[in-house]
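One letter stands for each residue in the lines below.
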Protein chains: 2
Amino acid sequence: MALIVQKFGGTSVGTVERIQQVAEKVKKFRENGDDIVVVVSAMSGETNRLIDLARQVSDDQPVPRELDVMVSTGEQVTIALLAMALIKRGVPAVSYTGNQVRILTDSAHNKARILQIDDQKLRNDLKAGRVVVVAGFQGVDEHGNITTLGRGGSDTTGVALAAALKAAECQIYTDVDGVYTTDPRVVPQAQRLEKITFEEMLEMASLGSKVLQIRSVEFAGKYNVPLRVLHSFQEGPGTLITLDEEETMEQPIISGIAFNRDEAKLTIRGVPDIPGVAFKILGPISAANIEVDMIVQNVSHDNTTDFTFTVHRNDYQSAQQVLENTSRELGAREVVGDIKIAKVSIVGVGMRSHAGVASRMFEALAKENINIQMISTSEIKVSVVIEEKYLELAVRALHTAFELDAPARQGD
Amino acid sequence: MALIVQKFGGTSVGTVERIQQVAEKVKKFRENGDDIVVVVSAMSGETNRLIDLARQVSDDQPVPRELDVMVSTGEQVTIALLAMALIKRGVPAVSYTGNQVRILTDSAHNKARILQIDDQKLRNDLKAGRVVVVAGFQGVDEHGNITTLGRGGSDTTGVALAAALKAAECQIYTDVDGVYTTDPRVVPQAQRLEKITFEEMLEMASLGSKVLQIRSVEFAGKYNVPLRVLHSFQEGPGTLITLDEEETMEQPIISGIAFNRDEAKLTIRGVPDIPGVAFKILGPISAANIEVDMIVQNVSHDNTTDFTFTVHRNDYQSAQQVLENTSRELGAREVVGDIKIAKVSIVGVGMRSHAGVASRMFEALAKENINIQMISTSEIKVSVVIEEKYLELAVRALHTAFELDAPARQGD
């Protein structure tokens, strides 16, 4: 008998039929003797419908406090429906809004952070044999105002409840059956990972973000809540995301290949190489609310240096304008850019203890004649920027080079 | 500067456009210096949509507690939209659910009764110059469970808030511009009443129920909250419903003519006239959950009596069956019934101090050769049952006889 928190997203509860399927699934776990807390999102489409209504009365700028009052109704409908569906199946159940639980957050409407969870009510219900159905994505501030955690925040609610209740596992049900070594649409031999560490999952963000909210992974890592990604309507063990590195020591050095074609590259050339120049370049970019991903500064020659960074493609034009101004102010030579780039990363905690991982990566790319434009490394990740058209080729080459390909099945 | 509670029903807030119109109206009152608390219902159709969803997962028998969690989201959406629309117009506003206010109710889910309202938060907001927008129809019980007051309960919320805040007036905005002397579709000369007493309003139920929830009128009477019925989107003073009889002394003796064609009549003839016989007849009817309206027992002759009562037409057949059994048990002569009847009532506090009101009514009907089948009187109402086909003729004759007709306009 374990205490399990299960989170079902908008698609998993998108229709009455699906809510009934979720109820059947929860019932099975309950019959196995587990104590279950279920966290649900709004039925898919509902949050957008509510936001659209809010925009109509607000000239597209809804008051954040009132927007939270509105959109929090989305999950409130789902918790009631799921509780009803469970009770109809003979499973005692009770629903709670974020306010009723009480999930205390700060007052940052539309993007609140959880401060504290009162677990007493939930523990009493579990002790009485009830399944507890909690609205994800929402809470209440100290003044009693309804808050929301921002879109996708239901994952965070699940993890926070699992942490507060010291649950054995937080299961995140999605439309995929786990985390893969890379995108199976690009590499058909991609394999589902049995286990992955929180750090790896974070570094796999460009793949993983389709599966899990990054913030919830950070949260799970911080409180050491074992996370499991599973398919809502298929059987299978999914992928377990845990803190424990040792358990994954027998895993391959590299856990997966992440990639991203949403970025663009900007270079300011011939910048005087003086202290503070990096800040002078990135300060105005940051002030313009543009997020920067990779940053590379080459060693200087002739007392000038080249400074390159990547931004989201949507921000490319405004970043270029900002950079042109900076270039004039600093007396730099020129600003050049490229949007036809892609970023490919190898990720794995195993590389910490294995030398030569980066060179093996570069070798695999060289074999395919793929030129590397930028390199950036962290303890458990090596990322390169390449020409966009080579993306799929590069991912497949790396997937094979690091022995991630699934064994060929008969007939393959 | 007065404190006014304004209640807008589902049709008045049925679309984004209408919510914007309501915001404009509230803004005008605010600009006149009044303190405003607005109570709103769910957008029309929303409550039914939610109930339908609940039925789908519950084999048509939703768990009452969870149904309240669901349907309460209807008003929660409206309060946020109206608050947004007000703020967009430069009117400081804040929305509260029943739980946030806190409107404390008993735990009778789906038909809860208000026990207490915490007015402190509202008073602070009003003092700070904010319009307070409150969700009608909902509250919270002592355990923090969401409750609803039953359909149409938003009127009651308005009256209860007005009572708690000692508001100058509770304005109920509807799709009619006031309470009329009778249904204008039957009598084109029907006039809007400037004022009417709570008692009269209750007795006018068959007309008034289309305008106001009867329970809210009782509530308003009990706490002496002046109620005003107004049209949501037309200008005009509406009809004021108050306790004070003296103010209406100058009014006509009769305030209005109510009528009802939803009833059917049942008579048990030749019942032994012994003590307890009325209970023996009506007990089984009540036990079958059939509501009885008029009851008339004639004086006995030959130690037997005739006992007649009216029920809703939908209950006619089941009432007849129950009565046949009773008839056999009591050894009565026969059971006869008629569904082609109508009830017509004259209502007015003025009749208390004026003799001859009933005879004037009977005279007017006699002049039109309308036979009276049953008569029932209260302090401020005389009701008669007549053949259904004479209904309109009777209402018009009485409207004229009691001088309620509007002065003929030129061209009429």
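What you see is a predicted model; the values in this text were computed from it and never measured.

**Structural notes on the overall build of chain A**
Scanning chain A from terminus to terminus reveals 13 helices and 20 strands. The globule rule puts the C-alpha radius of gyration for 412 residues at 22 Å, and the 24 Å found for chain A is close to it. Over its C-alpha atoms, taken along the principal directions, chain A stretches across nearly 75 × 60 × 35 Å. The buried share of chain A, taken over its 412 residues, is 55%. Taking as baseline every contact in chain A between residues at least 6 positions apart, the subset at least 24 positions apart corresponds to 74%.

**Concerning unusual backbone geometry**
Going from A:Val101 to A:Arg102, the amide bond is cis rather than trans, its omega being 15 degrees. Relative to the assigned elements, A:Arg102 resides in the loop between α4 (98-101) and β4 (103-105). For B:Asn110, which is not glycine, the phi dihedral falls at a positive 75 degrees. Structurally, B:Asn110 can be placed in the loop between β4 (103-105) and β5 (114-117).

**Thoughts on the interface of chain B and chain A**
The interface of chain B with chain A comprises 42 residues on the first partner and 42 residues on the second. Both sides of the chain B and chain A interface together cover about 3200 Å² of buried area, and 63% of this is carbon and sulfur. Together, B:Val57, B:Glu66 and B:Met84 form the three largest contributors to the area buried by chain B at its contact with chain A, with a combined 21%. Where A:Glu46 meets B:Arg49, a salt bridge forms, and the shortest distance between an N and an O atom there is 3.8 Å. If you tally residues by element for the side of chain B that touches chain A, the top one is helix α3 (residues 64-88) of chain B, at 17 residues. Of the residues assigned to the side of chain B that touches chain A, the class counts are 22 nonpolar, 13 polar and seven charged.

**Concerning the relation of the copies chain B and chain A**
For these two chains of identical sequence, chain B goes onto chain A by a turn of 178 degrees and a shift of 0.2 Å along the axis, with RMSD 0.3 Å. Taken together, the rotation and translation relating the two chain copies correspond to the operation of a two-fold axis. Minimal C-alpha distance to the rotation axis in chain B is attained by B:Thr73, lying at 2.5 Å. A shared interface surface links the copies, since 100% of the contact residues of chain B are contact residues in chain A too.

**What to know about the sheet that holds strand β2 (residues 35-40) of chain B**
Residues and elements named next belong to chain B. Taken in spatial order, the eight strands of this open sheet run β3-β6-β2-β1-β9-β11-β12-β10, and their pairing is mixed. Across the chains shown, the open sheet's two edge strands, defined by having one partner strand only, are β3 (93-96) and β10 (195-197). Taken over all neighbouring pairs, the strand axes of this sheet differ in orientation by 20 degrees on average, direction set aside. In terms of strand pairing, strand β9 (residues 169-174) meets strand β11 (residues 227-231) through five bridges, oriented parallel. For Cys170, the partnering residue across the bridge sits in β11 and is Leu227. Where helix α1 (residues 16-31) meets the sheet, its contacts fall on β1 (3-8), β2, β6 (131-135), β9 and β11, and the angle it forms with β1 comes to roughly 170 degrees.

**A word on the pairing of strand β14 (residues 263-272) of chain B**
All names here are of chain B. Judged by how many residues are buried, β14 sits mostly within the fold: eight of ten residues are covered. Examined bridge by bridge, β14 and strand β16 (residues 304-312) share eight bridges and lie antiparallel to one another. Looking across to β16, one finds that Glu263 is bridged to His312. Sheet analysis places β14 next to strand β17 (residues 334-338), joined by five bridges and oriented antiparallel. By the bridge assignment for β17, Leu266 is matched with Gly337.

**Overview of the side chain of B:His231**
Residue and element names in this part refer to chain B. Relative to the helices and strands, His231 is located in strand β11. Only 3.2 Å separates the side chain of His231 from the backbone nitrogen of Gln234, close enough to count as a polar contact. Those residues within four positions of His231 in sequence are excluded, and the remaining contacts are Lys25, Tyr173, Thr174, Asp175, Val176 and Asp177.

**Here we look at the pairing of β11(B)**
Residues and elements named next belong to chain B. With respect to burial, β11 is a largely interior element, five of its five residues being buried. Every second residue of β11 is oriented toward a common face, with Leu227, Val229 and His231 on one face and Arg228 and Leu230 on the other, all of them buried. Sheet topology note: the β11/strand β12 (residues 239-242) ladder contains three bridges and is antiparallel. From the neighbouring strand, Arg228 faces β12, where its bridge partner is Leu240.

**Comments concerning the confidence of the model for chain A**
Scored by pLDDT, chain A comes out at a mean of 90, with 95% of its residues at no less than 70. In the predicted complex, the global pTM is 0.83; the interface-specific ipTM is 0.80.

**Details of the packing of helix α12 (residues 357-367) of chain B against helix α13 (residues 391-401) of chain B**
For any two helices packed against each other, the geometry comes down to the angle between their axes and how far apart the axes lie. Residue and element names in this part refer to chain B. Across the interface, α12 lies against α13 with an axial gap of 9 Å and an inter-helix angle of 130 degrees. Classified by the interaxial angle, the pair formed by α12 and α13 is oblique. Pair α12 / α13 crosses with right-handed handedness. Where α12 approaches α13, its residues Arg360, Met361, Ala364 and Leu365 are matched on the opposing element by Ala394, Ala397, Leu398 and Ala401. Along the lines of polarity and charge, the residues of the contact of α12 with α13 split into seven nonpolar, no polar and one charged.

**With respect to the environment of A:Leu193**
Residue and element names in this part refer to chain A. Residue placement: Leu193 occurs in the loop between β9 (169-174) and β10 (195-197). Measuring from C-alpha to C-alpha, the distance between Leu193 and Lys389 comes to 28 Å, with 196 residues separating the pair along the chain. Leu193 has contacts with Val179, Tyr180, Thr181, Gly238, Thr239 and Ser255, leaving out every residue within four places of it along the chain.

**Digging into the pattern of salt bridges**
Under the criterion given, the structure shown has 42 salt bridges over all chains. A salt bridge links A:Arg261 to A:Glu392; the nearest nitrogen and oxygen atoms lie 3.1 Å apart. In this pair, A:Arg261 sits in the loop between β13 (256-260) and β14 (263-272) while A:Glu392 sits in helix α13 (residues 391-401), placing the two residues 131 residues apart along the sequence. Among the residues examined, A:Glu392 registers a relative accessible area of 26% and is labelled partly exposed. In the salt-bridge network here, residues are joined through shared partners; they are A:Glu46, A:Arg49, B:Glu46 and B:Arg49.

**Digging into helix α12 (residues 357-367) of chain A**
Residue and element names in this part refer to chain A. Of all the positions in α12, only Val357, Met361, Ala364 and Leu365 are classed as buried. The buried residues of α12 occupy an angular sector of 95 degrees when projected down its axis, which confines them to one face. Close packing links the buried residues of α12 with β18 (341-347), β19 (372-378), β20 (381-387) and α13. Positive backbone phi, at 60 degrees, marks Asn369, one or two positions downstream of α12.

About the thresholds
- Residues numbered from 1 in each chain as written.
- Chains lettered and ligands numbered in written order.
- Predicted model: local features only at pLDDT ≥ 70, side-chain atom pairs only at ≥ 80, totals over all residues.
- Heavy atoms only, no water.
- Helix = DSSP H or I, 4+ residues; strand = E, 2+ residues; numbered from the N terminus.
- Rg over C-alpha atoms; globule rule 2.2 N^0.38 Å.
- Buried < 20%, exposed > 50% of the residue type's maximum accessible area, 1.4 Å probe, protein only.
- Contact = heavy atoms within 4.5 Å.
- Buried area = accessible area lost by both parts, 1.4 Å probe.
- Salt bridge = Lys/Arg side-chain N within 4 Å of Asp/Glu carboxyl O.
- Nonpolar A, V, L, I, M, F, W, Y, C, P; charged D, E, K, R; others polar.
- Least-squares fit on C-alpha atoms with pLDDT ≥ 70 in both.
- Pairing = 2+ DSSP bridges.
- Axes fitted to C-alpha atoms, helices over the stretch in contact; angles between N-to-C directions.
- Polar contact = N/O pair within 3.5 Å; in protein donor to acceptor, adjacent residues only side chain to side chain.
- pLDDT = per-residue confidence, 0-100.
- Parallel < 35°, antiparallel > 145°, perpendicular 65-115°, else oblique.
- Left-handed = near helix turned anticlockwise from the far one by under 90°.
- Arc of directions from axis to C-beta.

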